[in-house]
Amino acid sequence: MSNSVEIPFSTTLLVRDTCLCLHVQRAARALARLFDDALRPAGLTNGQFSLMMSLNRPEPPPMGPVAALLAMDQTTLTAALKPLQRKGWVTVMENPKDRRGRLLGLTPDGKAALAKALPIWKSTHAALDDALPEGGPARLRQDLQAVAGMTGETVKASPRRPRRSGRAMAG
């Protein structure tokens, strides 16, 4: 292209330093690596642990609510279930109330795998919570839940609030 547009490097630095999406992606990757490494002895990834924990309910849930909880579409959920089904940890059965739908459940072996992974998850999570500043874990979860509930319309409609500063105001 002869009319190439130049974006100043200062813009790159601005995005690097302020882009919430970039910072959340980086944090998510770091957390995923941390929990993947921790859960490896139990034979699970962090995603599999979350998926199996979402199935640990009194009654087998339909795919829709599980997909919604995990913020994934049903096609992605189906793909994530396949390796767990091959290990014999998860069952996918016809919903007797709606033959088009499927119910998901943990097998006894799946419950045993989850029980083996749970103390690992607890200790890893406790160490992570301890490494964050005081009040940080609860505040971080609250803020992430708020972001997860946002839609494009929510963001467009939000009035601009003053920025919080980490510095105390002189008074």
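As a reminder, the structure under discussion sits directly above these lines.
Here's what I pulled together on the structure shown here. None of these values were measured; they are calculated from a predicted model.

1. Considerations on the packing of helix H2 (residues 20–39) against helix H6 (residues 108–131)
Working step 1: The contact between H2 and H6 brings their axes to 9 Å, and the two run at 140°. By the angle class used here, H2 and H6 are oblique. Between H2 and H6 the crossing geometry is right-handed. When H2 is examined against H6, the residues Leu 31, Leu 34, Phe 35, Ala 38 and Leu 39 are found in contact with a partner set consisting of Ala 117, Ile 120, Trp 121, Thr 124, His 125 and Leu 128.
Working step 2: Tallied by class, the residues present in the contact of H2 with H6 amount to 9 nonpolar, 2 polar and no charged.

2. Considerations on the environment of Gly 47
Working step 1: Mapped onto the secondary structure, Gly 47 falls in helix H3 (residues 46–55).
Working step 2: Residue Gly 47 is classed as partly exposed on the basis of its relative accessible area, which comes to 39%.
Working step 3: C-alpha separation for the pair Gly 47 and Leu 70, spaced 23 residues apart in sequence, amounts to 9.1 Å.

3. Some remarks on the packing of helix H1 (residues 9–18) against H2
Working step 1: With their axes 6 Å apart at the nearest point, H1 and H2 run at an angle of 55° to one another. Between H1 and H2, the angle falls in the class oblique. Across the interface between the two elements, Val 15, Arg 16, Asp 17 and Thr 18 of H1 pack against Leu 20, Leu 22 and His 23 of H2.
Working step 2: Its residues placed into classes, the contact of H1 with H2 shows 3 nonpolar, 2 polar and 2 charged.

Parameters at a glance
- Residues numbered from 1 in each chain as written.
- Predicted model: local features only at pLDDT ≥ 70, side-chain atom pairs only at ≥ 80, totals over all residues.
- Heavy atoms only, no water.
- Axes fitted to C-alpha atoms, helices over the stretch in contact; angles between N-to-C directions.
- Helix = DSSP H or I, 4+ residues; strand = E, 2+ residues; numbered from the N terminus.
- Parallel < 35°, antiparallel > 145°, perpendicular 65-115°, else oblique.
- Left-handed = near helix turned anticlockwise from the far one by under 90°.
- Contact = heavy atoms within 4.5 Å.
- Nonpolar A, V, L, I, M, F, W, Y, C, P; charged D, E, K, R; others polar.
- Buried < 20%, exposed > 50% of the residue type's maximum accessible area, 1.4 Å probe, protein only.

Distances and angles like these do not, on their own, reveal function.
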